[in-house]
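Chain by chain, the residues run as shown.
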Amino acid sequence: MPARGADTVTADDTARFLAGMQPSAGSPLTPLTQDPAWQRHARFFDAVFAQLEQHQLSKIRAWAEVNLAAPRPTMFYMFSGPDFLYADAFYSKATTYVLSALEPPGSVPDLTRLPRGGVGAALYDIERSMGSILSFSFFITKKMKVDLRAGELNGTLPILYVFLARSGKTIRDVSPVALDDKGAAYFANENPGRNATRGVRIVFAGSDGEQKTLYYFSTDLSNSGVRASGFLKFCDTLAPGNSLLKSASYLLHAGNFTTVRNFLLAKSATVIQDDSGIPLAYYNPKQWRFFPFGRYAGPIAEFPGRYQEQYAELFSRSQPIDFGIGYRWRSHESNLLLSVKLPLR
């Protein structure tokens, strides 16, 4: 990640540039905004994000304002990919965000040093890799892997940059982070030992200037993966938190993801999920209150055998929502379950 100097590009300016927003006055990136490819990209993102704000994000924030009583400082978003956009919309009051998925963090090069014509290609790669989340509210992992390995910009970091900038955040610091097998965090050139969990820490501020932290870790969340890493031990130091699960490929229905499922049930004050998250059967009804929203139409065809009778019964008494979420991304087909842990008596 580029060091700061008199004429080096800041992470915040890079994020704004990739997001199709003007970098700060005097930034070395400002001349590149004269490139017709950047101007086309900026117009495209202006239109796409305005639509997303109108149809999705503003409605999710309004829903959260009404339905989330006392959010915790930390939010956990397992199987997230680089989806800061929805993490921020649902839990805008969080001060620490922990996102995790298989995709590597990657890096963002100094864009002033790209070869001639390289800027347009890099911006097109970003548009392609974000296509599904901008259209359907989730990343298609296989497609994203291809798009994020192809060009100058790789991994999840460029997309995190775009989402932070487009969410009105100012990036203050970006640094690589690694966790040892006990969950301790190492920064810069410190040695975390073998089997380290690699990620990135982004310190940013919202429009009110309050400092917040976003962690993204590239990690295998299966039982063998999380038992060999310090990732959940690190999360434990930040618990209890609020959790978000959407478009999670029904992995938490399977027997080889029981460790992360048990962690989320034990360490979450609230869980917001679609039906691809934790099956209802694993929630202890004496410990949780359930608030169903939307309509449960069952899983899409790609995930046969994941229909839940209990879910269908619960959603026969649901409240409406005016936004779409998850694999059934049309608003009249989407289901959202808010589970709130009851205080211990």
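Preceding this section is the structure that the text describes.
Residues numbered from 1 in each chain as written. Predicted model: local features only at pLDDT ≥ 70, side-chain atom pairs only at ≥ 80, totals over all residues. Heavy atoms only, no water.

1. Some thoughts on the pattern of salt bridges
Counted according to the given criterion, the structure contains 11 salt bridges. The shortest N-O distance in the salt bridge between Asp46 and Arg166 comes to 2.9 Å. Linking Asp46 in helix 2 (residues 36–67) with Arg166 in helix 7 (residues 157–166), this pair joins segments that are 120 residues apart in sequence. The class for Arg166 is partly exposed, based on a relative accessible area of 21%. (Salt bridge = Lys/Arg side-chain N within 4 Å of Asp/Glu carboxyl O. Helix = DSSP H or I, 4+ residues; strand = E, 2+ residues; numbered from the N terminus. Buried < 20%, exposed > 50% of the residue type's maximum accessible area, 1.4 Å probe, protein only.)

2. So, the pairing of strand 8 (residues 268–273)
A regular strand carries its side chains on alternate faces of the sheet. When you tally the buried positions in strand 8, you get 6 out of 6 residues, the bulk of the element. With 5 bridges connecting them, strand 7 (residues 241–245) and strand 8 associate as parallel partners. Its bridge partner being in strand 8, Leu245 is matched across the sheet by Gln273. At this point the chain moves from strand 7, through helix 10 (residues 258–267), to the parallel strand 8, and the crossover so formed is right-handed. Where strand 8 and strand 10 (residues 335–341) come together, 4 bridges link them in antiparallel fashion. Across the sheet, Val271 pairs through a bridge with Ser339, a residue of strand 10. (Pairing = 2+ DSSP bridges. Right-handed = clockwise from strand over helix to strand, strands pointing away.)

3. As for unusual backbone geometry
Residue Ala239 is joined to Pro240 through a cis peptide bond whose omega torsion reads -5 degrees. As for its placement among the helices and strands, Pro240 is situated in the loop between helix 9 (231–238) and strand 7. Here the phi dihedral of Ser249 falls at roughly 55 degrees; this positive angle occurs in a residue that is not glycine. Residue position: Ser249 is located in the loop between strand 7 and helix 10. Exposure remark for Ser249: the relative accessible area of 32% places this residue in the partly exposed category. Despite not being glycine, Tyr250 has its phi angle at roughly 60 degrees, a positive value.

4. Some thoughts on the packing of helix 2 against helix 7
Here helix 2 crosses helix 7 at 65 degrees, and the two axes come no closer than 12 Å. Crossing of helix 2 against helix 7: the hand is right-handed. Two secondary-structure elements touch here, helix 2 through Ala42, Phe45, Asp46 and Phe49 and helix 7 through Val162, Phe163 and Arg166. A breakdown of the residues in the contact of helix 2 with helix 7 according to their chemical character gives 5 nonpolar, no polar and 2 charged. (Axes fitted to C-alpha atoms, helices over the stretch in contact; angles between N-to-C directions. Left-handed = near helix turned anticlockwise from the far one by under 90°. Contact = heavy atoms within 4.5 Å. Nonpolar A, V, L, I, M, F, W, Y, C, P; charged D, E, K, R; others polar.)

5. Concerning the packing of aromatic side chains
Tallied over the entire structure, the rule returns 26 aromatic pairs. Summarising the aromatic geometry, the rings of Tyr283 and Phe290 are spaced 5.5 Å apart at their centres and angled 85 degrees between planes, so their arrangement reads as edge-to-face. A residue is classified by how much of its surface remains accessible, and Tyr283, at 4% relative accessible area, is buried. The exposure class assigned to Phe290 is partly exposed, which follows from its relative accessible area of 23%. Three or more aromatic residues joined by ring pairs form one cluster here, namely Phe44, Phe45, Phe49 and Phe163. In this arrangement the basic side chain of Arg201 is found over the ring face of Phe187, its NZ or CZ atom lying 4.0 Å from the centre. Directly above the ring of Trp329 sits Arg330, whose terminal nitrogen or CZ lies 4.5 Å from the centroid. (Phe/Tyr/Trp six-rings, centres within 6.5 Å; stacked < 30°, edge-to-face > 60°. Lys NZ or Arg CZ within 6 Å of the ring centre and 35° of its normal.)

So far we have only geometry, and geometry alone does not tell us how the molecule works.
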